[in-house]
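# Summary of the model geometry
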Amino acid sequence: MAKSNLTTEILLNDGGAPGRILPFTAGSTIYAGDPLQMTAADEQVDAATVSGGRVLGVALTAATSGNVVNVISGRGILLNAWVSGTAATAGSMLEARGTTGTLAKAANNANATAICLEDGTATETLKKVMLL
C-alpha cells in the first residue's frame, strides 16, 4: 500500500490519554500517520528517516513543504501510524525506520517510540499503535 494523503481517522482516542496536537512547519511532503522527526538544519519536521532516532510525534494531517502540519504527541495516545515490515506484529516495540518514513520493529527497545497493537502483512501500512 502506497502512502496516501486521503488517510483519515489517524487519532483513535480523543482525550482519554494526555496528549497534545501541536502545529509545526513541514520540511517536506508529509502524510497523515507519518512518524515525525525534527530536522536541526531547518527547524522543520519531516517523516522519520533516522533509524532508531527519537520521534517527535505522528502527523494528524497531511502537509506539503513550508505549510503547517498538526502533530500528535504524548504518552498513551492510540492512533494509526505508518508501519513497515511484517515483523512488526501486535506487542512489538516500534522505532523510526531510516529512509522509509515509517515505524518498524525496534532493534533496541531503548529506542522504542510506540507499541504495535495489531498484526499485518503489508510492507507499508497504517497500523494501530500506542505512543510511549
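If you're wondering where the values come from, they're calculated on a predicted model, not measured in any experiment.

### Some thoughts on the nonpolar core
Burial of nonpolar side chains together is a common tendency in soluble globular proteins. In this structure, Leu79, Leu94, Leu103 and Val129 are the most contacted members of the largest nonpolar core, which totals 18 residues. Setting aside chain neighbours within four positions, we find Leu79 in contact with Ile10, Leu11, Leu12, Val58, Ile72, Lys127, Lys128, Val129 and Leu131. In terms of nonpolar packing, the next biggest core, distinct from the first, is built from eight residues, Ala26, Ile30, Leu36 and Ala63 among them.

### Side note on unusual backbone geometry
Among all residues except glycine, the phi angle is most often negative; among peptide bonds, the trans geometry is most common. For Glu43, which is not glycine, the phi torsion reads 55 degrees and is therefore positive. Position of Glu43 among the secondary structure elements: in the loop between strand S2 (35-39) and strand S3 (44-47).

### Examining the side chain of Gln37
By secondary structure assignment, the location of Gln37 is in strand S2. Look at Gln37 and you get buried, because its relative accessible area is 8%. A distance of 3.1 Å separates a polar atom in the side chain of Gln37 from the backbone nitrogen of Thr49.

The rules behind each value
Residues numbered from 1 in each chain as written. Predicted model: local features only at pLDDT ≥ 70, side-chain atom pairs only at ≥ 80, totals over all residues. Heavy atoms only, no water. Core = buried A, V, L, I, M, F, W, Y, C linked by side-chain atoms within 4.5 Å. Buried < 20%, exposed > 50% of the residue type's maximum accessible area, 1.4 Å probe, protein only. Contact = heavy atoms within 4.5 Å. Helix = DSSP H or I, 4+ residues; strand = E, 2+ residues; numbered from the N terminus. Polar contact = N/O pair within 3.5 Å; in protein donor to acceptor, adjacent residues only side chain to side chain.

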